[in-house]
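Structure at a glance
As a plain string of letters, each chain reads:
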Amino acid sequence: MKTISLSIIGFGAVGQGVASSILTKQNYLKEQGFNLRVVAISDSKGSEVNPEGIDIERALKRKNQEGTIAKSNQKALDIIREVEHEIVVEATPTNIKDGEPGISNMLGAFNSGRHVVTSNKGPLVLRFLELKEAAEDNGVMFRYEATVGGAVPIFNLIHEALSGNTVIGIEGILNGTTNYILTRMAEERMPYEIVMKEAQELGIAETDPSYDVEGIDSACKLVIIANSIFGQNATYRDVNVTGITKITPEALELASKNNYVVKLVCEAGKGHLTVAPRLVPKRHPLSVGGTLNVASILTDLAGRITISGKGAGSVETASSILSDILYIIKNS
Amino acid sequence: MIVSMTLELKDIPGQLVLALAPISELHGNIMSVVHQHEEKTPRGTIPVQITFEIDQEVLNDLIERLEESGVKVARVGEERLRSSVSVVLIGHIIHSDIGDTIDKIDSTGFAEVVDLSLSMPAIEKTSSAYLVINAVGEKELKKALELLRDVANKKDLLMIEPIMLNSVTS
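To keep things clear, this report deals only with the structure shown in the data block. Owing to the predicted nature of the structure, the values given are computational and were not obtained by experimental measurement. (Residues numbered from 1 in each chain as written. Chains lettered and ligands numbered in written order. Predicted model: local features only at pLDDT ≥ 70, side-chain atom pairs only at ≥ 80, totals over all residues.)

**As for the overall build of chain B**
Scanning chain B for helices and strands turns up four helices and eight strands. Tracing chain B from N to C terminus, the helices and strands come up as β-α-β-β-α-β-β-α-β-β-α-β. In terms of overall size, chain B is more extended than a compact globule, its C-alpha atoms giving a radius of gyration of 22 Å where 170 residues would be expected to give roughly 15 Å. Out of the 170 residues in chain B, the part that is buried amounts to 26%. (Helix = DSSP H or I, 4+ residues; strand = E, 2+ residues; numbered from the N terminus. Rg over C-alpha atoms; globule rule 2.2 N^0.38 Å. Buried ≥ 20, exposed ≤ 12 C-beta atoms within 10 Å, placed from the backbone.)

**A word on the interface of chain B and chain A**
Taken together, the contact pairs 17 residues of chain B with 24 residues of chain A. Taken together, the elements giving at least two residues each to the side of chain B that touches chain A come down to β5 (83-91), β6 (111-119), β7 (127-135) and β8 (158-162) of chain B. Ranked by residue count, the leading element in the side of chain B that touches chain A is β8 of chain B, at four residues. The residue makeup of the side of chain B that touches chain A, split by class, is 10 nonpolar, six polar and one charged. In this structure, strand β10 (residues 272-281) of chain A lies alongside β8 of chain B, joined through two bridges in parallel fashion. Among the inter-strand pairings, Leu279 of chain A is bridged to a residue of β8 of chain B, identified as Pro162 of chain B. (Contact = placed C-beta atoms within 7 Å. Nonpolar A, V, L, I, M, F, W, Y, C, P; charged D, E, K, R; others polar. Pairing = 2+ DSSP bridges.)

**Points about the nonpolar core**
Among the nonpolar cores identified, the biggest contains 124 residues, and Ile8, Val89, Leu222, Ala255 and Val262 of chain A together with Val88 and Leu89 of chain B are the most heavily contacted of them. The contact partners of Leu89 of chain B, leaving out residues within four places of it in the chain, are Ala129, Leu131, Ala152, Leu157 and Met159 of chain B. Among the nonpolar cores identified, the runner-up in size contains 12 residues, and Leu9, Ala19, Phe52 and Leu66 of chain B belong to it. (Core = buried A, V, L, I, M, F, W, Y, C linked by C-beta atoms within 7 Å.)

Rendered as structure tokens:
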């Protein structure tokens, strides 16, 4: 039995999803020979630390009832530096302005010799290379499957299963909110504003949806893909971005009559990064509906490989994080 | 350029190879060959339709080589508008003069707008259009798309192009 200690920094939907997945999969993981011990959890108001392992069930209940995990006011960065553990799960919210507190948390972890698994896009969009080098310099791993495509294992697929292939390009739908809006507009012939309202009521779109509908979220994911797969040092400014706010139901209908759907597609090739609404043939593998995400990878040996799945959700994102945690355990 | 030719072959073995060899010698890319052995011409020769892509400069050389080897070239024609793309435009399409937008493509000489559907929900609302553009080849099609992108940009129209299918890098 391999016992691994980890901290969960950021206890929103993703952090709680990770905790509850570790809890529900406890027996399964033990059968595989892994004992995951959560020694610290931290949210914006405070933290709980227990080197013997936190009672996850009670922690989740307390968060649910009191709105915070806080038992003490020990700061996230102090926990990362001072509490003995191997893996930091960095699940604080994405901030694409300055990447904080993610960047400090990640650099703090690397400099303390701890591996980082994250779902937080901000730091990777702003300072990917620096973070990657900090991990390498300290001989630890940096895993970020959950930053792009939720449950869809894009980086694992390319870096592990397709290793040996040269990736020529990637096309994908990496934002579930816009996919939902475009799918509903096409199916119901409803204008953008009404579908947006519906999406907000269902919790699929944020109160301020601009981050999604203007293509910013998609562009951030594309930047991470470019950096991770093409070894670039791209930032948000390198992406040519067009959102979906101008799309009319009539345009979708005209496209549909001619056997096309319109999707907000991310495209990455060497030296070219674009997010824009595109015509996708109805029977093409990229034509997935609802909130689904999809990535189609064009490689020299394997040809085209396409995967799709749930791009958001607390447990779905936790699937990618858990997979990264287990990768680190198996390979360290 | 893409060329379609009708050749007439003698009804003896080895003639088809004789007809195809010069095309590949001159780096032509054969796209289709229709060889109907049972449909002879009144002259007793066998007609063959060949379509291929080749540099315009070597076309006369090719015809010479074919005639020299005893293959009769009965017809030579250029295949135009082989490539096609669909796009959707959204914005004030009519007010920004759709006629002018189409003219810009048609006046290139290598591309044409061959289909147009319009949808105009109300006067003050933006309209949407679906266009099909044909061009003589892929290169020309790309140029036509660049031209349309430029026009759409100037006229503040949202242009929705197809995904790039099998050529992500191009």
